[in-house]
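This is what each chain is made of:
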Protein chains: 2
Amino acid sequence: MPFLDVCFSPELIHLYELKGRVVVVVDILRATSSMVTGLAHGLERIVPVSSLEDCKLYSQQGYLTAAERDGKMASDFDLGNSPFSYMSELVKGRTLAMTTTNGTRAIRLSAAADKVVVGAFLNLSSVAAYLLEQQKNVLVVCAGWKGKFNLEDTLFAGALAHKLQDSFEPENDATLAAWHLYETAKNDLEGFLSKASHVQRLRNLDIFKDITFCLQPDVYDIVPVMEGDYLVPYTPEVIKS
Amino acid sequence: MPFLDVCFSPELIHLYELKGRVVVVVDILRATSSMVTGLAHGLERIVPVSSLEDCKLYSQQGYLTAAERDGKMASDFDLGNSPFSYMSELVKGRTLAMTTTNGTRAIRLSAAADKVVVGAFLNLSSVAAYLLEQQKNVLVVCAGWKGKFNLEDTLFAGALAHKLQDSFEPENDATLAAWHLYETAKNDLEGFLSKASHVQRLRNLDIFKDITFCLQPDVYDIVPVMEGDYLVPYTPEVIKS
């Protein structure tokens, strides 16, 4: 049976073997939730970039651009980090260059994996179906907050571990912790997260409806999969049928 | 109100401010449990050292020596990492040089803190009393396993957060996670930990009774406190009286 492991921070990723594995990058509030939303609403592809400067360069090539720093939209970009801004007609058929505080860094650091995909509650069952198709060992990489552990990404890892518990062996204590925390939180994710640091940070920015939206399971069918430099949408066979 | 924060791995310690804080280093299985046991049984002081080679040099100065690597006692040292080996008459009045896979490294990396102390379930209430005396912000540094998150150190952090919940504010999601995991596990710590990686590792080494012993709360009154290069035993006033 393949195993499922969880890395709580991009700062710990050097401790994990990536070769031979599928990495699921998660940044629930809000980078990976927004990526899933955009690709489900007709965005053709996303290039994750590291710096605001690089992101601006893509704008000159006709790309849409999105940038977030410290939970806020950076100025002079087309989109911020709210999933609602990714539902617009504007995104259809376009390519997006995107940089965020934590999420795009986690994707870049995972590049040595066999496959890198993007997970969120919004596409939870599709991510699980994708991993069942692949049948490889899995590492969930939580983007965290500036290198530190966060609860919302951990709950996603726990939800995925629950969903795959008959087909993937939990590896290491981080997976067990995520499993138990999700077990405690599952009937009221938003209530459980009400004391979480980033939720409080976002509330100060008046982004309640983003939080509620990002915690909904299975709104979209697609899994963003890295192909070369781009995240492109993929729908697992079992979800299609 | 001062706050209590938790760092899940020595690899993340650079993300935390240490100045102005009390750091509690925890390595339940078994470094910090053994340190508490030894100092409670008459050991005068402990010098935590990094390498096996450095540890051997202390032997030539008449120190007792203890060394553990990968859960096993390293050869040519007086003591290993089982708390039972620290209950001997041998330790009375002696100084011990000690090196372990994870615990002594965590102590060394915490040196910039105002105070560095050693915690275990065995001295849980005394550590809490010490922190109430100090009234400074607290960082619990979990030694983890080779840089990765582990459950038993996290449960200690959660137990401490429970004990101090009226006097210290939880800071960051790691503290909330530890709090919830302890809440889930508290009625049967050993059962909860039965799937934990290091517990399975130690069971393979046939060390059941060490695990049972290390999970007992409040067996000893003393808190090991770093003074210069040495950990020395301290008994908080409220515990003395």
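Before reading further, recall that the structure is shown in the block above.
Residues numbered from 1 in each chain as written. Chains lettered and ligands numbered in written order. Predicted model: local features only at pLDDT ≥ 70, side-chain atom pairs only at ≥ 80, totals over all residues. Heavy atoms only, no water.

Asker: In this structure, what is going on with the nonpolar core? I would like to understand it.
Answerer: Formed by 162 residues in total, the largest nonpolar core has its most connected members in A:Leu131, A:Val140, A:Leu160, B:Leu131, B:Val140 and B:Leu160. Setting aside residues no more than four positions away along its own chain, B:Leu160 makes contact with B:Leu4, B:Leu124, B:Val127, B:Ala128, B:Leu131 and B:Val140. (Core = buried A, V, L, I, M, F, W, Y, C linked by side-chain atoms within 4.5 Å. Buried < 20%, exposed > 50% of the residue type's maximum accessible area, 1.4 Å probe, protein only. Contact = heavy atoms within 4.5 Å.)

Asker: Just to check I follow, could you spell out the interface of chain A and chain B for this structure?
Answerer: By a widespread convention, an interface's size corresponds to the accessible area lost as its parts come together. At the interface, 26 residues of chain A touch 26 residues of chain B. Around 2200 Å² of area is buried between chain A and chain B when both sides are counted, 64% of it from carbon and sulfur atoms. On the chain A side of the contact with chain B, A:Lys148, A:Phe149 and A:Asp173 bury the most area, a combined 27% of that side's loss. There are zero salt bridges connecting chain A and chain B. At the boundary of chain A and chain B, one finds four residue pairs in polar contact (both at pLDDT 80 or more). Secondary-structure elements contributing two or more residues to the side of chain A that touches chain B are α5 (151-163) and α6 (172-185) of chain A. Top element by residues in the side of chain A that touches chain B is α6(A). It accounts for eight residues. Along the lines of polarity and charge, the residues of the side of chain A that touches chain B split into twelve nonpolar, eight polar and six charged. (Buried area = accessible area lost by both parts, 1.4 Å probe. Salt bridge = Lys/Arg side-chain N within 4 Å of Asp/Glu carboxyl O. Polar contact = N/O pair within 3.5 Å; in protein donor to acceptor, adjacent residues only side chain to side chain. Helix = DSSP H or I, 4+ residues; strand = E, 2+ residues; numbered from the N terminus. Nonpolar A, V, L, I, M, F, W, Y, C, P; charged D, E, K, R; others polar.)

Asker: Sorry if this is basic, but what is going on with the packing of α5(A) against α6(A) here?
Answerer: For any two helices packed against each other, one specifies the crossing angle of their axes together with the interaxial distance. All names here are of chain A. For the pair α5 and α6, interaxial distance at closest approach is 7 Å and the crossing angle is 95°. For the element pair α5 / α6, the angle class is roughly perpendicular. Together, Leu151, Thr154, Leu155, Ala157, Gly158, Ala159, Ala161 and His162 of α5 and Thr175, Ala178, Trp179, Leu181, Tyr182, Glu183 and Ala185 of α6 make up the contact between the two elements. A per-class count over the contact of α5 with α6 returns ten nonpolar, four polar and one charged. (Axes fitted to C-alpha atoms, helices over the stretch in contact; angles between N-to-C directions. Parallel < 35°, antiparallel > 145°, perpendicular 65-115°, else oblique.)

Asker: What's the story with the pairing of strand β6 (residues 95-99) of chain A in this structure? I'm lost.
Answerer: On any regular strand, side chains alternate: one points to one face of the sheet, the next to the other face. Residue and element names in this part refer to chain A. Burial analysis of β6 places five of its five residues in the buried class, which makes it a mostly covered element. The alternating pattern of β6 places Thr95, Ala97 and Thr99 on one face and Leu96 and Met98 on the opposite face, and all of these are buried. Two elements, strand β3 (residues 45-48) and β6, share four bridges in a ladder whose sense is parallel. Within β6, the residue paired with Pro48 across the bridge is Met98. (Pairing = 2+ DSSP bridges.)

Asker: Got a minute to help me understand the relation of the copies chain A and chain B in this structure?
Answerer: Mapping between the two chain copies consists of a rotation about an axis together with a translation along that axis. Once turned by 180° and shifted 0.0 Å along the axis, chain A lies on chain B with an RMSD of 0.0 Å. Both copies of the chain, as the preceding transformation shows, are related through a two-fold rotation axis. Looking at the rotation axis and the C-alpha trace of chain A, the residue lying nearest is A:Leu181, at 3.4 Å. Taken as a fraction of all interface residues of chain A, those also at the interface in chain B reach 100%, which identifies the copy contact as same-surface. (Least-squares fit on C-alpha atoms with pLDDT ≥ 70 in both.)

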